[in-house]
Amino acid sequence: MRQVQLLVNASHFKGKHFISMRDYNREELDFILDTADQMVELEKQGSDLCKSKVLASMFFEPSTRTRLSFETAMFRLGGNVTTVADPKTSSAAKGETLEDTIKTIQNYADIIAMRHPDNDAALRAAKVAMVPYINGGSGSWEHPTQTMLDLHCIRYAKGGMDGLTIGMVGDLKHGRTVHSLLLALRHYDVKVKLIAPEQLKMKPDVIEGTEGKIEIEEVTDLKKTLPELDLIYMTRVQKERFPDPADYDKVKNSYILDKALLSKGKRDVVVMHPLPRVNEIATDIDPLPNAWYFRQVKHGIYARMAIMGLALGVL
Ligand code: CP
């Protein structure tokens, strides 16, 4: 019988930061996803695996899903949470550097999840963090835990990533979720259509980061491309990243997916969105079986339980 050598196991992730999808190979991603599968039952039952562990949840940019799902995930693992949800209430508002903030809060917490408006924040924080640092969104750079929940949701919606043609639609320039997702998808047998207006095209360094491993096509016409797609990953045009509001106004309505447009696609096309949405998915899609974006949210708990549990060495 052929011996299968297990190269990745839980100890591989113990004590490690989680900052970029550039750092992971397929085996590692699949191991985290398989661990997230195990969290589905654990989330229902609750556990005390992280009893006496503390998560510092530091959010220097607005968040509903990421912050609350990190915190809920830690509660489901039996741990505790200390949080900064409003940057004005932390000493960053008095001019404390990010590095000094990290060096301080690691005295209180066993693990740190942070969101920050600066692109380089995750790398800077990880450089000084002595406890596992989890990137909860770093400017418009990356949002790798979102990708883990996205991949986990795709496994539920489509049975896996291999063989899919995936369309990423909207603000591919500023959208950190699509940067991390595209980088992760380089390890799967997928075709990706990047659907964006000229001003919001995917950053070249992210495309380069896929190392030519997947077929990528950049297009502007959603209606024309839609029939080819197995999965549509819609994104919000990120108003807060535009220095000039007039530039936002020019592109804010670039793509609006509604029921009529969706009917041009495959019957079983899956619609995902990291949320929040503004107007890019019409609410007439919400009741359709194709709409996965609110079910997608739940996978944030499973993925973040897995990521934190592995980093803390309790799984
Ligand atoms: N998907 C996501 O990052 O949502 P929040 O901004 O609400 O955390």
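Refer to the structure presented above.
In short, a report on the structure.

The rules behind these values
Residues numbered from 1 in each chain as written. Predicted model: local features only at pLDDT ≥ 70, side-chain atom pairs only at ≥ 80, totals over all residues. Heavy atoms only, no water. Salt bridge = Lys/Arg side-chain N within 4 Å of Asp/Glu carboxyl O. Helix = DSSP H or I, 4+ residues; strand = E, 2+ residues; numbered from the N terminus. Buried < 20%, exposed > 50% of the residue type's maximum accessible area, 1.4 Å probe, protein only. Core = buried A, V, L, I, M, F, W, Y, C linked by side-chain atoms within 4.5 Å. Domains from an automatic or database assignment. Contact = heavy atoms within 4.5 Å. Axes fitted to C-alpha atoms, helices over the stretch in contact; angles between N-to-C directions. Parallel < 35°, antiparallel > 145°, perpendicular 65-115°, else oblique. Left-handed = near helix turned anticlockwise from the far one by under 90°. Nonpolar A, V, L, I, M, F, W, Y, C, P; charged D, E, K, R; others polar. Phe/Tyr/Trp six-rings, centres within 6.5 Å; stacked < 30°, edge-to-face > 60°. Lys NZ or Arg CZ within 6 Å of the ring centre and 35° of its normal. Pairing = 2+ DSSP bridges.

Let's talk about the pattern of salt bridges
- According to the stated counting rule, one finds 25 salt bridges in the structure shown.
- Across the pair Asp205 and Arg22 runs a salt bridge, and its minimum N-O distance is 3.1 Å. Here Arg22 lies in the segment before α1 (26–45) and Asp205 lies in helix α7 (residues 204–209), a separation of 183 residues in the sequence.
- The exposure class of Asp205 is partly exposed, given its relative accessible area of 36%.

Regarding the nonpolar core
- Core analysis: the largest hydrophobic core is formed by 67 residues, its most contacted members being Ile32, Met148, Leu151, Met168 and Leu185.
- Top element by residues in this core is helix α11 (residues 293–311). It accounts for nine residues.
- Of the domains in this structure, domain 1 (10–142 + 300–311) and domain 2 (144–297) are the two that each give at least three residues to this core.
- Setting aside its immediate chain neighbours within four residues, Met148 contacts Phe18, Met21, Leu29, Ile32, Leu33, Ala303 and Ile307.
- Counting residues in each nonpolar core, the second largest holds 21 residues, with Ile102, Met114, Ala125 and Ala126 among its members.

Structural notes on the environment of Ile195
- Relative to the helices and strands, Ile195 is located in strand β6 (residues 191–195).
- Spatially, the C-alpha atom of Ile195 lies 9.5 Å from that of Met234, the residues being 39 residues apart in sequence.
- Not counting the four nearest positions on each side in its chain, Ile195 is found in contact with Gly167, Met168, Val169, Gly170, Leu172, Val219, Thr220, Asp221, Leu222, Thr225, Leu229 and Tyr255.

Points about the packing of helix α5 (residues 144–158) against α11
- Their axes nearest at 8 Å, the elements α5 and α11 cross at an angle of 120°. Considered as vectors, α5 and α11 are oriented oblique to each other. The chirality of how α5 crosses α11 is right-handed. Two secondary-structure elements touch here, α5 through Thr145, Gln146, Met148, Leu149, Asp150, His152, Cys153 and Tyr156 and α11 through Gln296, His299, Gly300, Tyr302, Ala303, Arg304 and Ile307.
- Residue composition of the contact of α5 with α11, by class: seven nonpolar, six polar and two charged.

So, the packing of aromatic side chains
- The tally for this structure, following the rule as stated, stands at four aromatic pairs.
- Centre to centre, the rings of Phe242 and Tyr248 are 5.6 Å apart; their planes meet at 65°, and the pair counts as edge-to-face.
- Lying across the ring of Trp292, Arg295 places its NZ or CZ 3.8 Å from the centre.
- Over the aromatic face of Phe70 sits the side chain of Arg304, whose NZ or CZ is 5.0 Å from the ring centroid.

Quick notes on the sheet that holds strand β2 (residues 80–84)
- Strand order across the open sheet formed by four strands is β2-β1-β3-β4, with parallel pairing between neighbours. Edge positions in the sheet fall to β2 and β4 (133–138), since each of these pairs with one other strand and no more. Put simply, the sheet's adjacent strands are angled 15° from each other on average, direction ignored.
- Bridging between strand β1 (residues 54–59) and strand β3 (residues 111–116) involves five bridges; their strand directions are parallel. In the sheet register, Phe59 faces β3, and the bridge partner there is Arg115.
- The strands touched by helix α3 (residues 98–105) are β1, β3 and β4; relative to β3, the strand with the most contacts, the crossing angle is about 155°.

Take it as geometry only, folks, not as evidence of what the structure does.
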